[in-house]
Amino acid sequence: MAKRFFLTLICMGSFWNVIHAQDVFSKGQNNLNLGVVVGNLLDGDEIDGIPTLTLSYERCIIDGLINGKASVGVGAYASFITDSNEEGYGPYKFKYRWNDWVVGTRGAFHYQFVKRLDTYAGLMLGVNIATTSVTSKNKEIDSDLIPETKPTYHFAHSEFIGARYYFSDKLAAFAETGYRLSAFHMGVSFKF
């Protein structure tokens, strides 16, 4: 009787671990994230305009850590924001447009505290590519008066913490907060 009881407990424990581990970000799993940043902080200045749009990809490369609840993922990140304004000098009007791209790689450590919730912390390293264009509607303006603009490149990094909540096997909502690039980042995540 005791053997049967212990065998039943072992089987139930194994079954529970299999069920519980299904929500963990597991090796070979891919996630595509589409998001919006609220409170963009590029170069330490808040940028007004449309919200920053983001696209990121992550693949789990190591799983089964810390009692099967933790894993490690790596991937790519890209974001875009644009803003513009007009200024005038006497009869001359100039339109300035700024575009900022951030491209980089991300790595994250994932740990599952509760079912359907994937929590993580990580680091993004990349480059911020900023471009500016200046145009004028005044036909009589000398092109020498329009300043020459060149793209600038800066090192970009962000430390972040976040969570994904899975509504189904393939669809999740995510939210992140971090240092350097964004105050708050949210969107949808697709698992494949």
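Residues numbered from 1 in each chain as written. Predicted model: local features only at pLDDT ≥ 70, side-chain atom pairs only at ≥ 80, totals over all residues. Heavy atoms only, no water.

S.K.: What is the right way to look at the environment of G178 in this model?
M.R.: Summarising the element assignment, G178 is placed in strand 8 (residues 171–179). Distance in space between the C-alpha atoms of G178 and F160 is 4.0 Å, their sequence separation being 18 residues. Not counting residues up to four positions away in its chain, the partners in contact with G178 are E159, F160 and A183. (Helix = DSSP H or I, 4+ residues; strand = E, 2+ residues; numbered from the N terminus. Contact = heavy atoms within 4.5 Å.)

S.K.: What should I look at first to understand the environment of S79 in this one?
M.R.: Within the element layout of this structure, S79 appears in strand 4 (residues 70–89). Judged by its relative accessible area of 6%, S79 falls in the buried class. Sequence-distant contacts of S79, that is, excluding residues within four places in its chain, are made with T52, L53, T54, D100, W101 and V102. (Buried < 20%, exposed > 50% of the residue type's maximum accessible area, 1.4 Å probe, protein only.)

S.K.: What am I meant to see in the pairing of strand 8 here?
M.R.: Looking along a regular strand, one sees the side chains alternate between the two faces of the sheet. When strand 7 (residues 152–166) meets strand 8, the two strands line up antiparallel, connected through eight bridges. By the bridge assignment for strand 8, F160 is matched with G178. Where strand 7 folds back on strand 8, the antiparallel hairpin that results is connected by four residues. (Pairing = 2+ DSSP bridges.)

S.K.: What am I meant to see in the environment of E176 here?
M.R.: Relative to the helices and strands, E176 resides in strand 8. Since its relative accessible area comes to 5%, E176 is described here as buried. The sequence separation of E176 and T119 amounts to 57 residues, and the corresponding C-alpha distance is 9.7 Å. Ignoring sequence-local partners within four residues, the contact set of E176 consists of R106, Y120, F160, I161, G162, A183, F184 and H185. A polar contact of 2.9 Å, which involves the side chain of E176, links it to the side chain of R106. One polar contact links E176 to Y120, side chain to side chain, over a distance of 2.8 Å. (Polar contact = N/O pair within 3.5 Å; in protein donor to acceptor, adjacent residues only side chain to side chain.)

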